[in-house]
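The primary structure of each chain is shown beneath.
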Amino acid sequence: MTPSKPIPTPSEDSKPFWEATRNGELRLQRCLDCSSYRFPPGVLCPECSSTSSEWVPVSGRGRVHSFVVFHRAYHPAFANDLPYAVACVELEEGPRLLSNIVGVETARIRCDMAVEVLFEKINEEISLPKFRPRA
Ligand SMILES: [Zn+2]
């Protein structure tokens, strides 16, 4: 039997993020006082310490800030995915997310490559945001 991959457990702070991805939408927290976007979710704005925020849809577009390609499975559930890329994607709105780059040979991935989000449904609750090259 193939072991299953670890999946995120939504917290009180991240629940709106996972609700959005489940609906095929990328949302980030934005400060109601200074308008800066933030990720990961949290109570305080890292720019101005305000506790007022809202969840807003974002473009889903960004660039590969950095990445690594895994050629070895450090968890047995990822063995069939090798080689796979884990990237730090910088969104147009500013925040950076860790995710996978899919839909392209790993040898073709470059820093600063333009990417866009897509969603991989894992189960009824969790859909993971992943990124693919943007035309
Ligand atoms: Zn703020």
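Here the structure is shown first, and the text comes after it.
Residues numbered from 1 in each chain as written. Predicted model: local features only at pLDDT ≥ 70, side-chain atom pairs only at ≥ 80, totals over all residues.

A. Here's a closer look at the sheet that holds strand S1 (residues 27-31). Read from one edge to the other, the open sheet built from three strands follows the order S2-S1-S3, with strand pairing classed as antiparallel. Strand pairing shows two members of the sheet lacking a second neighbour, strand S2 (37-38) and strand S3 (53-57), which therefore form its edges. By the bridge criterion, five bridges tie S1 to S3 in an arrangement that is antiparallel. Looking at S3, one finds that Arg30 is bridged to Glu54. (Pairing = 2+ DSSP bridges. Helix = DSSP H or I, 4+ residues; strand = E, 2+ residues; numbered from the N terminus.)

B. Spatial organisation of the nonpolar core. Grouped together as the largest cluster of nonpolar side chains are 15 residues, with contacts concentrated most on Val64, Ala87, Val89, Ile101, Val115 and Phe131. Elements represented by at least two residues in this core include exactly helix H1 (15-22), strand S5 (84-91) and strand S7 (114-121). In terms of residue count, S5 provides more of this core than any other element does, four residues in total. When residues no more than four places from it in sequence are discounted, the contact partners of Val115 are Gly62, Arg63, Val64, Val89, Ile101, Phe131, Arg132, Pro133 and Arg134. (Core = buried A, V, L, I, M, F, W, Y, C linked by C-beta atoms within 7 Å. Buried ≥ 20, exposed ≤ 12 C-beta atoms within 10 Å, placed from the backbone. Contact = placed C-beta atoms within 7 Å.)

C. Layout of the pairing of S7. Across three bridges, strand S4 (residues 61-70) lies against S7 in antiparallel orientation. Along S7, the bridge assignment pairs Arg63 with Ala114. Bridge count for S7 against strand S8 (residues 127-133) is seven bridges, and the pairing is antiparallel. Across the sheet, the residue bridging to Val115 is Pro133, located in S8.

D. Structural detail: unusual backbone geometry. Going from Phe39 to Pro40, the amide bond is cis rather than trans, its omega being 0°. By the secondary structure assignment, Pro40 is in the loop between S2 and S3. The omega angle of the peptide bond from Leu82 to Pro83 is -10°, so this bond is cis rather than trans. Mapped onto the fold, Pro83 is located in the loop between S4 and S5. Backbone geometry at Ser35 places phi at a positive 70°, although glycine is not the residue there. Structurally, the position occupied by Ser35 is in the loop between S1 and S2.

E. View of the environment of Cys111. Along the polypeptide, Cys111 turns up in the loop between strand S6 (96-101) and S7. The spatial distance from the C-alpha of Cys111 to the C-alpha of His65 is 5.6 Å, given a sequence separation of 46 residues.

F. Highlighting H1. Regarding H1, the residues found buried are Phe17, Trp18, Ala20 and Thr21. Buried residues of H1, viewed axially, fall in a sector of 155°; they line one side. As for H1, its buried residues are in contact with S1, S7 and S8. Downstream of H1 by a residue or two, Gly24 has a phi angle that is positive, lying close to 70°. (Arc of directions from axis to C-beta.)

G. Examining the environment of Leu44 more closely. Topologically, Leu44 is positioned in the loop between S2 and S3. A count of 12 C-beta atoms within 10 Å places Leu44 in the exposed class. Considering only alpha carbons, one finds Leu44 and Cys31, 13 residues apart in sequence, at a separation of 8.8 Å. With residues up to four places along the chain from it excluded, the contact list for Leu44 reads Ser49 and Thr51.

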